[in-house]
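So you can see what is in the structure, the chains are spelled out below.
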Amino acid sequence: MRRPARTVRLLSAMTAPRALTKSELIVRLAARNPRLAARDADEAVKLILDMMGAALSQGGRIEIRGFGSFSLNYRPARVGRNPKSGERVEVPAKSVPHFKAGKELRERVDGGEAAVAGDREGNGSAALAGE
């Protein structure tokens, strides 16, 4: 038995969106910029991600206006418990990456006016998002 179109649309709206992988990002970037060879798009994405990782590993902070910022949060050493045995375990201090979304990204995700205004300006972010 075939479901009515309305039901199919409701079910598809309830499923979680797929993650955009690095390889999909490279393919979309190359497709959006015909002058850019896929090999060059691949190299550009890898270079950007490597530089971001290097900056964070050296304790730096990354700010991308309109998108957000990446920084490190310090977590001090603590005493934890092994959930299986209940035994006390020393957990060492560590730094963990943290992302804080910028105002424009928060508004775009929330479906606010900035998302609509950005699309009217033709910034093309919808093309990378797969829309």
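Preceding block: the structure.
Attention here is on the structure that accompanies the text. Since this is a predicted model, take the numbers as computed values, not measurements.

Moving on: the overall build of the protein chain. Per the secondary structure count, the protein chain includes six helices and five strands. Listing the helices and strands of the protein chain from first to last along the sequence gives α-α-α-β-β-β-β-β-α-α-α. Expressed as a percentage of its 131 residues, the buried residues of the protein chain come to 13%. Working note: accessible area of the protein chain is about 10,800 Å², and carbon and sulfur atoms make up 56% of it.

As enumerated under the stated definition, the model contains three salt bridges in all. The salt bridge involving R18 is made with E24; its shortest N-O contact spans 2.0 Å. Two residues, K46 and D42, come together in a salt bridge whose shortest N-O distance is 3.4 Å. With K46 and D42 both in helix 3 (residues 38–57), this residue pair falls four residues apart, about one helical turn. A relative accessible area of 38% places K46 in the partly exposed class.

Let's shift gears to the packing of aromatic side chains. Per the counting criterion, the structure on display carries two aromatic pairs. Centre to centre, the rings of F67 and F99 are 5.4 Å apart; their planes meet at 50 degrees, and the pair counts as tilted. Here the residue F67 occupies a position in the loop between strand 1 (62–64) and strand 2 (68–75), and F99 occupies one in strand 5 (residues 94–101), the gap between them amounting to 32 residues. For F99, a relative accessible area of 34% translates into the label partly exposed. Pairing F70 with F99 gives two aromatic rings, centres 4.8 Å apart and planes at 45 degrees, and the pair type is tilted.

Inspection of the secondary structure assignment puts F70 in strand 2. Apart from the residues lying within four places of it in its own chain, the contact partners of F70 are M52, L56, R61, I62, I64, H98 and F99.

Inspection of the secondary structure puts K100 in strand 5. Sequence-wise, K100 and E63 are 37 residues apart; in three dimensions their C-alpha atoms are separated by 9.5 Å. When residues no more than four places from it in sequence are discounted, the contact partners of K100 are G68 and S69.

Our focus in this paragraph is the sheet that holds strand 5. The strand order across the open sheet built from three strands is 1-2-5, with neighbouring strands paired in antiparallel fashion. This sheet does not close on itself; its edge strands, each paired only once, are strand 1 and strand 5. Averaged over all neighbouring strand pairs, the angle between strand axes comes to 25 degrees, with direction disregarded. As defined by bridge partners, strand 2 adjoins strand 5 across eight bridges and the pair is classed as antiparallel. By the bridge assignment, R75 is partnered in strand 5 with K94.

What counts and how
- Residues numbered from 1 in each chain as written.
- Predicted model: local features only at pLDDT ≥ 70, side-chain atom pairs only at ≥ 80, totals over all residues.
- Heavy atoms only, no water.
- Helix = DSSP H or I, 4+ residues; strand = E, 2+ residues; numbered from the N terminus.
- Buried < 20%, exposed > 50% of the residue type's maximum accessible area, 1.4 Å probe, protein only.
- Areas by Shrake-Rupley, 256 points an atom, 1.4 Å probe, with all protein chains shown as cover.
- Salt bridge = Lys/Arg side-chain N within 4 Å of Asp/Glu carboxyl O.
- Phe/Tyr/Trp six-rings, centres within 6.5 Å; stacked < 30°, edge-to-face > 60°.
- Contact = heavy atoms within 4.5 Å.
- Pairing = 2+ DSSP bridges.
- Axes fitted to C-alpha atoms, helices over the stretch in contact; angles between N-to-C directions.

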